[in-house]
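Here's the letter readout for the chains.
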Amino acid sequence: MISSVRGPVLEIGLDHAVVEVGGLGYAVFCTPNTLAGLRRGTEAKLATTLIVREESLTLFGFADVDERELFLLLQTVSGIGPRLALATIAVLEPDTLRRALHDGDLATLQRIPGVGKKSAERLVVELRDKVLVTPAAPPVAQVAATGGHRDRVVEALLGLGFTQRPAEQAVDAVLAENPAADPSHLLRTALSSLGRSR
């Protein structure tokens, strides 16, 4: 089990970053929000988990241990794999996710792409008693957005399983209402819109 990686960021892709540790470059798959907080050439520390399959070893990285634990917890539910668990973390902040599970808020859970009413109900039934709802923490300052992140967010949506045209339309609709939207807000709002249209 690789529980964390720390080192300089060599590359930042659409759905992963490459972090050098001990002379080796580890490809770590992350949410767009986590990737937005990384900078090429600077040191990063990510909480990680290694998913082992017959045909692959895939390392997933998170901004903190809290996100990683929720990622692992989500996969204890039947039908929830790493990709859907990562999409869930991308759409819902940890506290929002816990509150939705605790309160049985199906509408919030259905904002996750690929989660319909039955899947949302299953999440609530299986996880309601496993999450601890805590008082809201002060918001963490968002990394300043840089120009030209529209295409990056569209690519992130494609990586989550959406097709090109709906992804572009959802992102453009958000930008039309809020041209200064940062990548995190842009992704979450577009995902919410695409989730409702499914």
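Chemist: Break down the overall build of the protein for me, citing the residues and quoting the values.
Modeler: The number of helices and strands found in the protein is 9 helices and 5 strands. Each helix (α) and strand (β) of the protein, taken in turn from the N terminus, gives the series β-β-β-α-β-β-α-α-α-α-α-α-α-α. Looking at the 198 residues of the protein, the share that counts as buried comes to 42%.

Chemist: Explain the pairing of strand 3 (residues 24–29) residue by residue, including any values.
Modeler: In terms of strand pairing, strand 2 (residues 16–21) meets strand 3 through 6 bridges, oriented antiparallel. Bridge pairing links alanine 17 to valine 28 in strand 3. The turn linking strand 2 back onto strand 3 is made up of 2 residues, and glycine 22 within it adopts a positive phi angle of 60°. Note that strand 3 and strand 5 (residues 57–62) share 2 bridges and pair parallel. For valine 28, the partnering residue across the bridge sits in strand 5 and is leucine 59.

Chemist: Quick one: what's the story with the pattern of salt bridges, residue by residue and with numbers?
Modeler: Here the structure, examined in full by the defined rule, presents 8 salt bridges. Among the salt bridges present, the one from aspartate 66 reaches arginine 98, with a minimum N-O distance of 2.1 Å. Taken together, the residues span a long stretch of sequence, with aspartate 66 in helix 2 (residues 65–74) and arginine 98 in helix 4 (residues 94–103) at a distance of 32 residues. When its relative accessible area of 27% is taken as the criterion, aspartate 66 is described as partly exposed. Here arginine 188 and glutamate 93 are joined by a salt bridge, their closest N and O atoms 3.0 Å apart. Of this pair, arginine 188 sits in helix 9 (residues 183–197) while glutamate 93 sits in the loop between helix 3 (82–91) and helix 4; the two residues are 95 residues apart in sequence, bridging distant segments of the chain. Taking the relative accessible area as the measure of exposure, glutamate 93 reaches 33% and is therefore partly exposed. Salt bridges sharing common partners tie together Asp66, Asp95 and Arg98.

Chemist: Explain the nonpolar core to me, using residue names and the numbers behind them.
Modeler: In terms of nonpolar packing, the biggest core is built from 44 residues, with Phe71, Leu74, Leu97, Leu109, Leu123, Leu157 and Leu191 touching the most fellow members. Of all elements in the fold, only strand 5, helix 2, helix 3, helix 4, helix 6 (117–127), helix 7 (150–159), helix 8 (164–177) and helix 9 reach the threshold of two or more residues within this core. With 7 residues, helix 3 is the largest single contributor of residues to this core. In this view, leucine 123 contacts Leu74, Val77, Ile80, Leu101, Leu109, Val115 and Arg128; residues no more than four positions away in its chain are not counted. Val5, Leu35, Ala44 and Leu59 belong to the second largest nonpolar core, which has 11 residues in total.

Chemist: Tell me about the packing of helix 2 against helix 4, residues and numbers included.
Modeler: Packed helix pairs are characterised by how far apart their axes lie and by the angle those axes make with each other. Axis separation between helix 2 and helix 4 bottoms out at 10 Å; the angle between their running directions is 40°. Handedness of the helix 2/helix 4 crossing: left-handed. On the side of helix 2, the interface is formed by Asp66, Glu67, Leu70 and Leu74, while helix 4 contributes Pro94, Leu97 and Arg98. A class-by-class count of the residues in the contact of helix 2 with helix 4 yields 4 nonpolar, no polar and 3 charged.

Chemist: Please set out the environment of glutamine 75 residue by residue, giving values where relevant.
Modeler: Positionally, glutamine 75 belongs in the loop between helix 2 and helix 3. Ignoring anything within four residues of it in the chain, the contact list for glutamine 75 reads Ile51, Arg53, Ile80, Gly81, Pro82 and Ala85. Engagement of the side chain of glutamine 75 in a polar contact is seen with the backbone oxygen of phenylalanine 71, the distance being 3.2 Å.

Chemist: Hey, could you go over the sheet that holds strand 4 (residues 43–52) for me, with residue numbers and the actual values?
Modeler: Strand order in the closed barrel formed by 5 strands is 1-2-3-5-4, and the pairing between neighbours is mixed. Averaged over all neighbouring strand pairs, the angle between strand axes comes to 55°, with direction disregarded. Pairing of strand 1 (residues 4–12) with strand 2, which is carried by 3 bridges, proceeds in the antiparallel orientation. Bridging across to strand 2, isoleucine 12 finds its partner in alanine 17.

Chemist: Account for the pairing of strand 1, naming residues and giving values.
Modeler: As paired strands, strand 1 and strand 4 are joined by 5 bridges and run antiparallel to one another. Bridged to valine 5 within strand 4 is leucine 46. In this antiparallel pair of consecutive strands, strand 1 and strand 2, the connection spans 3 residues.

Calculation criteria
- Residue numbers restart at each chain and count upward from 1, following the sequence in its written direction.
- Restriction of local features to residues with pLDDT of at least 70 applies here, the model being predicted, together with a cutoff of 80 or more for giving and counting side-chain atom pairs; totals for whole chains, interfaces and linings are based on all residues.
- Derived side-chain values reflect all non-hydrogen atoms in the structure, with water molecules and hydrogen atoms excluded from consideration.
- Numbering of helices and strands runs from the N terminus, with a helix taken as a DSSP run of H or I at least four residues long and a strand as a DSSP run of E at least two residues long.
- We call a residue buried when its accessible area falls under 20% of the maximum for its residue type, exposed when it is over 50%, and partly exposed in between, using a 1.4 Å probe and counting protein chains only.
- Paired strands, in this sense, are two strands between which DSSP finds at least two bridges.
- Whenever Lys or Arg places a side-chain nitrogen within 4 Å of a carboxyl oxygen from Asp or Glu, that contact is recorded as a salt bridge.
- To define a nonpolar core, start from buried Ala, Val, Leu, Ile, Met, Phe, Trp, Tyr and Cys residues and group those joined through side-chain atoms within 4.5 Å.
- Pairs of residues are marked as contacts when any of their non-hydrogen atoms sit within 4.5 Å.
- In this analysis an axis means a line fitted to C-alpha atoms, helices contributing only their contacting stretch, and an angle means the value between N-to-C directions, from 0 to 180 degrees.
- Crossings are sorted by hand: turned counterclockwise from the far helix by less than a right angle, the near helix makes the crossing left-handed, and turned clockwise it makes it right-handed.
- Gly is put with the polar residues, along with every residue not named as nonpolar or charged; the nonpolar set is Ala, Val, Leu, Ile, Met, Phe, Trp, Tyr, Cys and Pro, and the charged set is Asp, Glu, Lys and Arg.
- Here a polar contact means two N or O atoms within 3.5 Å. Within protein one must be a hydrogen donor candidate and the other an acceptor candidate, and residues neighboring in sequence count only if both atoms are side-chain atoms.

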